[in-house]
Amino acid sequence: MKLSALELHRVRLPLVAPFRTSFGTQVTREVVLVRVETPDAEGWGECVAMEEPLYSPEYVDSAAEVITRFLVPRLVALGDGLTAGKVATALEPVKGHPMAKAALELALLDAELRAAGRSFADEIGAVKDAVPSGVSVGIMDSIPQLLDAVGQYVDQGYVRIKLKIEPGWDVEPVAAVRERFGDIPLQVDANTAYTLGDARHLAKLDPFDLLLIEQPLPEDDVRGHAALATQISTPVCLDESIVSARAAADAIAIGACSIVNIKAGRVGGYLEARRVHDVCRANGIAVWCGGMLETGIGRAANVALAALPGFTLPGDTSASDRYYQQDVTAPFVLEQGHVRVPTGPGLGVTVDRAFLTEITSSVTQVPLSV
Ligand code: OSB
Ligand code: MG
């Protein structure tokens, strides 16, 4: 495929409500969108890096920089032989920056599939028309405020609630949600906020019959998660630690997790994400689709990924209005607790250019000369 243009759109979307995690509070979503143009089609990709390097080392500005200086030249060097399938290998010499790489791969997949009239969902191997949706609920100032928020999501039909936790906000909110909402599917996410020394404290979550505890320990403490898994009855799920299909295989082999959260950005792209899925499935490990507060572009891809057969738990694939009053595509809506998988060519969504312009702070043309 020949690249005629590659643009970075820097966008700022206000969240409908602040989203607080153990690593900080998001009030707006700053995001880099990639737009590619080929003679046959355009394609969009979303970089899920956050504004600050608090979830992982990447951040919005670092992604824009690495895409421009180090990644795009390597794609341009492939000439007309460039295909989406070659992106990961071509970018492998550049260490790290999986979210920046994933955004490029996604834009090229979208363009390639649009040109071929095929859907991303079919390409990735989706086997469902709609996927069950969970919702990730941030840390709140008080328990009543949390119960209020959870109540609204339950009323809207979300089939699973995930509570963000941190030391000082864990057993009490979980107990309160269990008491108020009974046996709804419930899980927690610590975003690395604990250490193995907290094992006895985390065991206090055991009586609440949670689906899982996500990434309680630091991302490089895989062995710690294996040790923790023997000390608590809540199943351990990894997010930050799973940076590739190989990392998933290793974590599974040492008993560090019995469930895996898959995020394409964290593993360098949707094609690697599918390999993580395949490794987990072969090992009998359940997976679910994580989220990074995506716009409709990244959400379209996530929802398709979540339709693969190994995704047996509801994902953080919430409806657009859980995040944004208006999205850059037509909104994803909740229908009986599910979100529909797009079926049109490519990602199957259309970018609302007028709205995009309203929320765009800059558009940069990345040079395509070798
Ligand atoms: O750890 O899953 C996480 C959001 C930003 C960064 C990390 C995480 C999250 C979420 C929200 O939990 C998931 C979503 O609904 O997009
Ligand atoms: Mg997480």
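Before reading on, note that the structure itself is shown above.
Residues numbered from 1 in each chain as written. Chains lettered and ligands numbered in written order. Predicted model: local features only at pLDDT ≥ 70, side-chain atom pairs only at ≥ 80, totals over all residues. Heavy atoms only, no water.

> In this structure, what is going on with unusual backbone geometry? I would like to understand it.
Backbone phi values are negative for most residues with the exception of glycine, while trans is the configuration of most peptide bonds. Despite not being glycine, Q215 has its phi angle at roughly 40°, a positive value. For Q215, the position within the fold is in the loop between β8 (213–214) and α8 (222–229). Positive phi, close to 55°, is recorded for L293, a residue that is not glycine. Position of L293 relative to the elements: it lies in the loop between β11 (286–289) and α12 (296–305). (Helix = DSSP H or I, 4+ residues; strand = E, 2+ residues; numbered from the N terminus.)

> Even after reading the chapter, I still don't get the packing of aromatic side chains, so can you show me in this structure?
How two aromatic rings sit relative to each other is given by the distance of their centres and the angle of their planes. Going through the model one piece at a time under the given rule, you end up with 4 aromatic pairs. When the centroid spacing of 6.1 Å and the interplanar angle of 55° are considered together, the rings of F23 and Y55 count as tilted. Here Y55 lies in the loop between β3 (42–47) and α1 (60–76) and F23 lies in the loop between β1 (5–21) and β2 (24–37), a separation of 32 residues in the sequence. If you follow R160 out to its NZ or CZ, it ends over the ring of W288, 5.3 Å from the centre. The lysine or arginine in question, R322, covers the ring of Y323, its NZ or CZ lying 5.0 Å from the ring centre. (Phe/Tyr/Trp six-rings, centres within 6.5 Å; stacked < 30°, edge-to-face > 60°. Lys NZ or Arg CZ within 6 Å of the ring centre and 35° of its normal.)

> Before we go on, may I ask you to explain empty space enclosed by the protein in this structure?
With a probe scaled to a water molecule rolled over the atoms, the places where space remains empty come into view. Per the stated rule, a full pass over the model turns up 3 cavities of 30 Å³ or more. Approximately 200 Å³ is the volume found for the largest cavity. Taken together, 20 residues make up the lining of the largest cavity; nearest its centre are F19, K164, G291, M292 and L293. For the lining of the largest cavity, the elements supplying multiple residues, two or more each, are β1 and β6 (160–164). Looking at the lining of the largest cavity, its residues break down into 7 nonpolar, 6 polar and 7 charged. Estimates place the volume of the second largest cavity at around 110 Å³. Contributing to the lining of the second largest cavity are 15 residues, with V48, A264, G265, Y270 and E294 lying nearest its centre. (1 Å grid on protein atoms, 1.4 Å probe; cavity = no way out; pocket = protein on both sides within 12 Å on 5 of 7 lines; lining within 4 Å. Points joined across faces, edges and corners; volume = space filled by probe spheres on them. Nonpolar A, V, L, I, M, F, W, Y, C, P; charged D, E, K, R; others polar.)

> I keep staring at the site of ligand 1 and nothing clicks. Help me out?
Lining the immediate surroundings of ligand 1 are 17 residues, of which K164, D189, N191, L293 and Y323 lie closest. K263 is positioned with one of its side-chain polar atoms (N or O) 3.0 Å from an oxygen atom of ligand 1. Taking M292, its main chain carries an N or O atom lying 3.3 Å from an oxygen atom of ligand 1. (Near = heavy atom within 4 Å. Polar contact = N/O pair within 3.5 Å; in protein donor to acceptor, adjacent residues only side chain to side chain.)

> Help me understand the coordination of the magnesium ion (ligand 2), please; the structure alone is not making it clear to me.
By definition of the ideal shapes, a tetrahedral metal site with four donors has angles of 109.5 degrees and an octahedral site with six donors has angles of 90 or 180 degrees. Within the protein, D189 (OD), E214 (OE) and D239 (OD) serve as the donor atoms for the magnesium ion (ligand 2), at 2.1 to 2.3 Å. Counting gaps between the donor residues of the magnesium ion (ligand 2) yields the pattern D-x24-E-x24-D. Of this pair, D189 sits in strand β7 (residues 186–189) while D239 sits in the loop between β9 (236–238) and α9 (245–253), and the two are 50 residues apart along the sequence. Look at D239 and you get buried, because its relative accessible area is 0%. (Donors = N, O, S within 2.8 Å, 3.2 Å for Na, K, Ca; no water. Buried < 20%, exposed > 50% of the residue type's maximum accessible area, 1.4 Å probe, protein only.)

> Can you walk me through the sheet that holds β6 in this structure?
Note: strands within a sheet are paired through backbone hydrogen bonds, in either parallel or antiparallel orientation. Strand order in the open sheet formed by 7 strands is β5-β6-β7-β8-β9-β10-β11, with parallel pairing between adjacent strands. The sheet is open, and its two edges are formed by β5 (134–137) and β11, each paired on a single side. As paired elements, β7 and β8 share 2 bridges and run parallel to each other. Following the sheet pairing, V188 is matched in β8 by I213. (Pairing = 2+ DSSP bridges.)

> Would you take a moment to explain the nonpolar core for this structure?
Note that soluble globular proteins tend to have their nonpolar side chains buried in a common cluster. The biggest cluster of nonpolar side chains holds 93 residues, and the ones touching the most others in it are L6, V34, L104, F120, V260, V276 and L305. With residues up to four places along the chain from it excluded, the contact list for V260 reads C237, L238, I242, V276, C280, I285, A286, V287 and W288. Counting 36 residues, the second largest nonpolar core, distinct from the first, contains A149, I165, V171 and L205. (Core = buried A, V, L, I, M, F, W, Y, C linked by side-chain atoms within 4.5 Å. Contact = heavy atoms within 4.5 Å.)

> Explain the environment of D352 here, please?
Its location among the elements puts D352 in the loop between β12 (338–340) and α13 (353–359). If we skip the residues at most four places from it in the chain, D352 touches Q326 and V328.

> Looking at this model, I keep getting lost on the pattern of salt bridges. Mind explaining?
Note on pairing: side chains with opposite charge can pair once their charged atoms come close. Under the defined criterion, the tally for this structure stands at 20 salt bridges. In this structure, R12 and E30 form a salt bridge, with 2.3 Å as the shortest nitrogen-oxygen distance. You can see R12 sitting in strand β1 and its partner E30 sitting in strand β2, a full 18 residues away along the chain. Take R12: its relative accessible area is 43%, and that puts it in the partly exposed class. A salt bridge links R114 to D110, with the shortest nitrogen-to-oxygen separation between them at 2.9 Å. Residue R114 and its partner D110 are located together in helix α3 (residues 98–116), separated by 4 residues, close to a single helical turn. On the accessibility criterion, R114 (26% relative accessible area) is partly exposed. Through salt bridges that share partners, R160, K162, K164, D189, E214 and D316 make up one connected network. (Salt bridge = Lys/Arg side-chain N within 4 Å of Asp/Glu carboxyl O.)

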